[in-house]
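Notes for the structure review
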Amino acid sequence: MTNIPETGRTPRVQTRLVVIQILVLSLLGTLGGRLWYLQIREGAQYQKEASGNHVQQVVQPAVRGSILDARGVPLADNETRLVVSASRTDLLKQKDDGKAVLTKLAGVLGMDPQEVMQKVRLCDAKTPQPCWNGSPYQPIPITDEATAKQALQIRERTEDFPGITAEPEAVRRYAAPGKSNTAQVLGYLSPVTDEEIQAAKDTSSPYLRSDMVGRTGLERQYDKELRGKAGVTRYEVDNLGRVIGKAKSDAAQPGANLVTSIDARVQRVAEYELDKAMKAARQQYDKITGTNYKADSGAVVVMEAKTGRVVAMASAPTYDPNVWVGGISAKDYKALTGKDSDYPLLNRAIQGQSAPGSTFKVVSTAAAVEAGYAFNGNYPCTSSYSVGNQVFKNFEGENFGPISLGRALEVSCDTVFYGLADNEWKKDGGINPKKGQPKDYFFKAAHQFGLGKETGLDLPGEVSGRVPDRRWKQDYWEINKDAWCKSGKKNGSYVEKIAYENCLEGNKMREGDAINYSIGQGDTLVTPIQEAVIYGAISNGGTMYTPTIGKAVVSADGKQVTEIKPKSSGKLPITKAARDMMDQALAAVTTRGTAAWKFTGWPQNKIPLHAKTGTAEVYGKQTTSWLATYSKDYSVIMTISQAGTGSGASGEAVRNIYSAMYGVQADGSIDNKKALLPTPQTSLPKVQADGTITAPKISGDPAKDQEAVAKQVAQQGGTTAPQDDQGTAATTNTPPDGNRDTRRRRRRGGSRRTAA
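Residues numbered from 1 in each chain as written. Predicted model: local features only at pLDDT ≥ 70, side-chain atom pairs only at ≥ 80, totals over all residues. Heavy atoms only, no water.

1. Things to note about the state of the cysteines
Heads up, the rule is: What counts as a disulfide here is a pair of cysteine sulfur atoms lying within 2.5 Å. Burial classification: accessible surface area is computed with a 1.4 Å probe over protein chains only, and a residue below 20% of its type maximum counts as buried, one above 50% as exposed, and the rest as partly exposed. Runs of E in the DSSP output that reach at least two residues are strands. Runs of H or I that reach at least four are helices, and both are numbered from the N terminus.
Within the structure shown, the criterion is met by 3 disulfides. One disulfide bridge connects Cys123 with Cys131, the sulfur atoms lying 1.9 Å from each other. Because the sign of the S-S torsion sets the handedness, a value of about 105° for the bond joining Cys123 and Cys131 places this disulfide among the right-handed ones. Given a relative accessible area of 28%, Cys123 falls into the partly exposed group. Accessibility expressed as a relative area gives 11% for Cys131, which makes it buried. Shown here is the disulfide that connects Cys381 with Cys413, its sulfur atoms set 2.1 Å apart. The chirality of the disulfide connecting Cys381 with Cys413 is right-handed, given an S-S dihedral of about 110°. Placement of Cys381 in strand β15 (residues 379-381) and of Cys413 in the loop between α15 (405-411) and α16 (414-427) is noted, with a sequence separation of 32 residues between them.

What follows is the structure, encoded as structure tokens:
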């Protein structure tokens, strides 16, 4: 007998078969469930995605809207050029990744093969410009300056240039009407990145891979309005890529046009005068450093006093924004960002901050009046002001005796403000203030004047400046105390002594801090646009406006116009009476004060100008020139780094800007026909029925045209000084004795003016 069953299977074998059967059934069940999931539950979704594999999209880029000046003159628009582009996808299919094709292409275009290859490489943290920071699947422009002959060579020999196209395309053009540059205001474009595409995917303004986006300036601020919406045509194709039908088509929607408050003619004059002033400053000898002034950077702002609209904004050094069009070269990129470039991409009108010097005294004057000091009281303008063993000198030892606050503004007497600020510091309890909140009139006034924060101008990247009040000092000390305590020495160099003092009591408001602050020195920082707002507010009676450049957004068809209205940002902390007295004092600055020698012959009785000069010291550098001015219509602010005194470096340039706007000739007469902008432009450009905007032509160069007329008048008889209302000469043509801002401020022993 045997234990083997009739089936011939042992119990072990049967068990194994059962297990196998269970496994097979489980696998079949799993497979069936998965098939049900894919085919039934998610079938529609996968069918939709699968159908997409048979649809190819062709993108028609939207025409980007133009940026126009206040009269409709294009500052940035588009033009058709022959653009040669390369497809990375096709190039990478080549055995050598397309090197041979790109080398051959460089020969046709007359370019360096290395430069061409650099343009198609992808940007990353380790790859310097030039490189491609857009989508790797988008055609990469090699040049937008191809000739018809070059394009024809490429198109006729497609087998020699796989992945290379030569097509007419609309590209950005920065027109520079009348040779106005406006680079930092306009900004520039570059391709959208994959990260930006993903970030904007679910927003109201998603990107396509073909989009160019604004990176700085107005191009960035108003990118959504200017960009429009690209058109997409979808074609159904078979598995061989052949078109078998059109699936859907979305027409491109052109971007809107941006009308700005910039006047291209005034912009050109402002740029020209700033550049000329800097060149002139470099010819002047600085007795303190024993070298000529460097005048390495500067800015000028022209703003409507009653609205805050910016008429002109120039920054130096500058550059041609067209270098970004079609991709920037390595040489150009280095020139814009290298260590020796002086960083022309910076808009110093809103990103350049420095100590304001005596232009800050309007803030200190308002603070003094608020603290209870009479505007027309008598305050000692002595040659120096002593605090312990420290002596704070007035400019060149000037001594005007007892004078009013108005006269202190006129002659820019430091010691008047030293004394007032020191008195208030002592009233607040000195270095250890009284319990409760010190009154801090001088610091509160700065905040009330809008300092220490952005103005809200419609440009990206604006900086806030700095009001070095008690809170700032505490925060700054906590950040830097370890470094100060490590490097400071009681009997070391000047810098080491400062570090030592800051280590011990850098979080406290010291007497010297309050004194320096009162005349716009020490740690105080302002920007030109902030000063334009302040002096514009003094001009209009006390209302501060949020500065704007955008004036209206006009749809491409002209049917929809969205105006950007002026907005008030607050009131100056001064009474009407105090404002009126300050106004009179600032007018006197141009007739008998620190700016008088630069405004000889100005028709003050017909076009009153008001000014405040400033010469700010910066540790380790030459002085910064400031000139803040206004008329009843405009405020004009100019600053030049390392250029000397306020009136000396900037006076003539600022006067020439006013002359251009009001038509003031070299002999003091007024020619309204030659006035570029005697009153602010209030109306918008005329929009035609088809959406086009009527714009006047700017012939020649407004700045050089004005200069030529001035030279002609001078040759015919020279200048004459007009008489003021009392029949006396309105100004003087040479720096008077004791004029604080006509010669270089000298550092005196014991002065504690610190780095700004």
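2. Details of a nonpolar patch on the surface
The criterion, for reference: Here, patches come from residues exposed beyond 30% relative accessible area and free of salt bridges, joined within 9 Å for like charges and within 5 Å for nonpolar side chains (Val, Leu, Ile, Met, Phe, Trp, Tyr). Only the protein chains shown count as cover for residues, and the accessible areas themselves come from Shrake-Rupley with a 1.4 Å probe. A carboxyl oxygen of Asp or Glu within 4 Å of a side-chain nitrogen of Lys or Arg is what we treat as a salt bridge.
On the surface, Val13, Leu17, Ile20, Val24, Leu25 and Leu28 cluster together into a nonpolar patch covering about 520 Å² of accessible area. Here Leu28 lies in helix α1 (residues 11-41).

3. Some words on the packing of helix α18 (residues 470-487) against helix α19 (residues 494-505)
Helix-helix packing is characterised by the crossing angle of the two axes and by the distance between the axes. Selection rule: Lines fitted to C-alpha atoms define the axes, with helix axes restricted to the stretch in contact, and inter-axis angles between N-to-C directions lie between 0 and 180 degrees. Should an angle lie under 35 degrees it is considered roughly parallel, over 145 roughly antiparallel, and from 65 to 115 roughly perpendicular; all remaining angles are considered oblique. In a left-handed crossing the near helix is turned counterclockwise from the far helix by less than a right angle, and in a right-handed crossing that turn is clockwise. Note on contacts: a residue pair is in contact if any heavy atoms of the two residues lie within 4.5 Å. Ten residue types, Ala, Val, Leu, Ile, Met, Phe, Trp, Tyr, Cys and Pro, are classed as nonpolar, four, Asp, Glu, Lys and Arg, as charged, and the remainder, Gly among them, as polar.
Where α18 contacts α19, the axes come no closer than 8 Å and their chain directions differ by 130°. With respect to their mutual orientation, α18 and α19 come out oblique. Classified by chirality, the crossing of α19 by α18 is left-handed. In this structure, α18 uses Trp477, Trp484, Cys485 and Ser487 to contact α19, whose residues at the interface are Glu496, Ala499, Asn502 and Cys503. Residues of the contact of α18 with α19, tallied by class, amount to 5 nonpolar, 2 polar and 1 charged.

4. A closer look at the environment of Arg655
Secondary-structure assignment places Arg655 in helix α23 (residues 646-662). Accessibility expressed as a relative area gives 12% for Arg655, which makes it buried. Note: C-alpha distance between Arg655 and Thr600 (55 residues apart in sequence) is 9.9 Å. If sequence neighbours within four positions are ignored, Arg655 has contacts with Lys598, Phe599, Thr600, Gly601 and Trp602.

5. A word on the packing of aromatic side chains
The geometry of an aromatic ring pair is captured by the separation of the ring centres together with the interplanar angle, meaning the angle of the planes. The criterion, for reference: Two rings from Phe, Tyr or Trp (for Trp, the six-membered ring) form a pair when their centres are within 6.5 Å of each other. A pair whose planes differ by under 30 degrees is stacked, one over 60 is edge-to-face, and the rest are tilted. Any Lys NZ or Arg CZ that is within 6 Å of a ring centre and within 35 degrees of that ring's normal is treated as a charge sitting over the ring.
A full pass over the atoms with the stated rule returns 13 aromatic pairs. Plain terms: the ring middles of Phe360 and Tyr517 are 5.1 Å apart, the flat faces sit at 70° to each other, and that makes the pair edge-to-face. Of this pair, Phe360 sits in the loop between α13 (348-351) and α14 (361-370) while Tyr517 sits in helix α20 (residues 511-518), placing them 157 residues apart in sequence. An identical accessibility class is assigned to Phe360 and Tyr517; each is buried. Ring pairing ties together the aromatic residues Trp602, Tyr634, Tyr658 and Tyr662, which thus form one cluster. Stacked on the ring of Trp597, the Lys or Arg Lys598 has its end atom at 4.5 Å from the ring centre.

6. Some details on the nonpolar core
Rules: Residues grouped as a nonpolar core are buried Ala, Val, Leu, Ile, Met, Phe, Trp, Tyr and Cys residues, joined through side-chain atoms within 4.5 Å.
If you look at the biggest cluster of nonpolar residues, it comprises 94 residues, and the most contacted ones within it are Leu218, Met313, Val362, Val416, Tyr535 and Ile538. When residues of this core are assigned to their parent elements, the largest contribution, 7 residues, is made by helix α21 (residues 528-540). For Met313, the contacting residues outside a window of four places in its chain are Val185, Ile262, Gln267, Val300, Val301, Asn347, Ala349, Ile350, Leu457, Leu459 and Ile529.

7. Points about the pattern of salt bridges
Applying the stated rule across the entire model yields 32 salt bridges. Ionic pairing is found between Arg64 and Asp223, a salt bridge with its closest N-O pair at 3.0 Å. Of this pair, Arg64 sits in the loop between β1 (55-60) and β2 (67-68) while Asp223 sits in helix α10 (residues 223-227), and the two are 159 residues apart along the sequence. We classify Arg64 as buried; its relative accessible area is 9%.

8. Quick look at the confidence of the model for the protein chain
As a reminder, the rule being used: A residue's pLDDT is the predictor's confidence in that residue, given on a scale from 0 to 100.
Looking at the protein chain, pLDDT values average 87 and 89% of them are 70 or higher. This model gives residues 718-734 a pLDDT under 50, and the stretch forms 33 contacts once residues within four places in sequence are excluded. Long-range and interchain partners of residues 736-756, a stretch whose pLDDT sits below 50, account for 93 contacts in this model, where long-range means more than four residues apart.

9. Here we look at the side chain of Thr307
Using the following cut-off: Polar contact is the term for a pair of N or O atoms within 3.5 Å; when the atoms are in protein, one must be able to donate a hydrogen and the other to accept it, and sequence-neighboring residues count only if both atoms are side-chain atoms.
Relative to the assigned elements, Thr307 resides in the loop between β13 (297-304) and β14 (310-316). Among the residues examined, Thr307 registers a relative accessible area of 16% and is labelled buried. Within the local environment of Thr307, its side chain forms a polar contact with the side chain of Glu304, the two groups lying 2.5 Å apart. A distance of 3.2 Å separates a polar side-chain atom of Thr307 from the backbone nitrogen of Arg309. Every residue in contact with Thr307, bar those within four places of it in the chain, is listed here: Tyr545, Thr546 and Pro566.

10. A closer look at helix α11 (residues 264-281)
What counts, and what does not: Multiplying one less than the number of residues by 1.5 Å gives the expected span of a helix.
The terminal C-alpha atoms of α11, which comprises 18 residues, lie 26 Å apart, in line with the 26 Å expected from a rise of 1.5 Å per residue. Burial runs high along α11: 14 of the 18 residues are buried.

11. Things to note about the pairing of strand β20 (residues 550-554)
What counts here: Pairs of strands are assigned from DSSP output, requiring at least two bridges between the strands.
In terms of residue burial, β20 counts as a mostly covered element, since 5 of its 5 residues are buried. Across 4 bridges, strand β10 (residues 257-260) lies against β20 in antiparallel orientation. The partner of Thr260 across the bridge, within β20, is Gly550. Remark: 6 residues form the turn of the hairpin made by β20 and strand β21 (residues 561-563), two consecutive strands paired antiparallel; Gly558 in that turn has positive phi of roughly 80°.

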